[in-house]
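Chain residues, written in single-letter form:
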Amino acid sequence: MELARDLRKGASLTTVLAPVAGAAIGLAAVPDPVFSQAMVGPGTAIDPRREPGTAIAPISGTIVKLHPHAFVVVGDDGRGVLVHLGIDTVQLKGEGFTLLAAEGDHVTAGQPVVAWNPAAVEAGGRSPVCPVVALDAPAESVGDVVQGDVDAGDLLFQWS
Amino acid sequence: MAADAEAIIAGLGGADNIIEVEPCITRLRTEVHDASKVNQAALKAAGAHGVMAAGNVVQVVVGPEADTIASDIEDIIG
């Protein structure tokens with residue numbers, strides 16, 4: 001069982017797409033220790049463009065958790081990617097976020113999941129920075145992390 | 001491995017010490033009566049990835065199972 005899992009891990013490479021447009025700045029720049037200290041996994045963060053936008057699925061898979069301000073997509077290989085739209089945005093209780101998919105839906109990478117406005121989040125006094133996390137992944141398994149400008153749907157990092 | 005709800009309650013100083021537990025997608029945001037009763041080492045042993053305390057607000061980082069763990073805790077403490 002364990003061996004089969006290792007073999008599968010060794011053979012797979014997950015391409016994680018940028019869920020939003022903006023500047024990829026790295027997790028260390030996120031103003032929240034859960035993300036900046038990579039407590040839930042490695043990855044990066046995107047400082048989003050301050051315009052109404054749509055967060056897309058970073059990988060293909062099932063939406064196992066969907067909150068207005070955050071979601072988790074788990075691929076068929078069991079790997080989960082978390083997208084968190086802004087920091088402390090749970091406090092907004094969904095205001096300003098529109099769900100474009102439902103928990104339990106199967107989505108393909110690039111499919112719209114949540115519409116939101118980073119400018120409105122910032123105007124409310126919160127950071128709109130979006131951590132994108134390879135949940136529970138070993139730090140060294142995340143590579144080719146893009147820095148700088150990305151459009152939604154661009155390659156963000158590889159998870160080996 | 002999912003964190004253990006019973007052990008998290010104990011690490012937070014027991015059910016009587018817990019005012020509120022609110023799940024965010026990666027963490028439990030809890031408010032306690034007495035922060036000195038919170039045992040960070042016990043919370044980590046219970047499966048928490050990390051613990052952040054500011055006054056009486058204690059955030060227990062448990063990963064994406066936070067929702068499930070929070071409802072387990074609420075079921076136990078009523």
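Sequence order as written defines residue numbering, which begins from 1 separately in each chain. To read the labels, note that chains go from A and ligands from 1, taken in the order they are written. Given that the model is predicted, a residue must reach a pLDDT of at least 70 before its local features are reported, and side-chain atom pairs must reach 80 or more before they are shown or counted; all residues, however, enter totals for whole chains, interfaces and linings.

Rules: UniProt positions are given in the numbering used here, feature names are shortened, and annotations may be inferred rather than shown by experiment.
If you look chain B up in an unreviewed UniProt entry, it shows as PTS sugar transporter from Microbispora cellulosiformans. If you open the UniProt record of chain B and go to Subcellular location (unreviewed entry), you find "Cell membrane".

### A closer look at the overall build of chain A
To keep it simple, the criterion reads: Secondary structure is summarised from DSSP: a helix means a run of H or I of at least four residues, a strand means a run of E of at least two, and numbering begins at the N terminus for each. Put simply, the radius of gyration uses C-alpha atoms, and a globule should come to 2.2 Å times the residue count raised to 0.38. For the exposure call, what matters is how many other C-beta atoms sit within 10 Å of a residue's own: 20 or more marks it buried, 12 or fewer exposed, and in between partly exposed, using C-beta atoms placed from the backbone. Here, residue contact means that the backbone-derived C-beta atoms of the two residues sit within 7 Å.
When helices and strands are tallied, chain A shows three helices and 14 strands. Its C-alpha atoms give chain A a radius of gyration of 15 Å, within 12% of the compact-globule value 15 Å for 160 residues. Across its three principal axes, chain A shows a C-alpha extent of roughly 50 × 30 × 25 Å. Looking at chain A as a whole, 44% of its 160 residues are labelled buried. In chain A, once contacts between residues fewer than 6 apart in sequence are set aside, the share between residues at least 24 apart is 69%.

### A short note on the sheet that holds strand S3 (residues 43-48) of chain A
Residues and elements named next belong to chain A. Where we set the bar: Pairing between two strands requires that DSSP report at least two bridges joining them.
Spatial strand order, S9-S5-S6-S7-S11-S3-S2-S13: eight strands in an open sheet with antiparallel pairing. This sheet does not close on itself; its edge strands, each paired only once, are strand S9 (106-107) and strand S13 (148-150). Of the strand pairs in this sheet, strand S2 (residues 22-24) and S13 are connected by three bridges, and their pairing is antiparallel. Within S13, the residue paired with Ala23 across the bridge is Asp149.

### Quick notes on the interface of chain B and chain A
Here is the rule we go by: Gly is placed with the polar residues, together with every amino acid not listed as nonpolar (Ala, Val, Leu, Ile, Met, Phe, Trp, Tyr, Cys and Pro) or charged (Asp, Glu, Lys and Arg).
Counting from both sides, the interface comprises eleven residues of chain B and, opposite them, 15 residues of chain A. Classifying every residue of the side of chain B that touches chain A gives five nonpolar, four polar and two charged.

### Some thoughts on the UniProt feature "active site" (unreviewed entry) in chain B
In the UniProt entry, the feature "active site" (unreviewed entry) is given for Cys24 of chain B. Structurally, the position occupied by Cys24 of chain B is in the loop between strand S1 (18-23) and strand S2 (27-32). Beyond its immediate chain neighbours, meaning those up to four positions away, Cys24 of chain B contacts Val90 of chain A together with Arg29 and Ala66 of chain B.

### A look at the sheet that holds S1 of chain B
Residues and elements named next belong to chain B. Where we set the bar: Every axis corresponds to a line fitted to the C-alpha atoms, with the helix fit spanning only the stretch in contact, and the corresponding angles, defined between N-to-C directions, vary from 0 to 180 degrees.
Taken together, the four strands give an open sheet; going across it, the order is S1-S2-S4-S3, and neighbouring strands pair in antiparallel fashion. At either end of the open sheet lies a strand with only one pairing partner, and these are S1 and strand S3 (50-54). Strand-to-strand, the axes of this sheet are offset by a mean angle of 20 degrees, without reference to chain direction. Alignment of S3 against strand S4 (residues 57-61), held across five bridges, turns out to be antiparallel. Bridge pairing in S4 places Gly50 opposite Val61. Across the sheet, helix H3 (residues 66-77) is in contact with S1 and S2; its angle to S1 comes to roughly 150 degrees.

### Focus: the pairing of S1 of chain B
Residues and elements named next belong to chain B. Note: S1 against S2, five bridges, orientation antiparallel. Following the sheet pairing, Glu20 is matched in S2 by Glu31. Taking the residues that link successive antiparallel strands as the turn, the S1-S2 hairpin has three residues.

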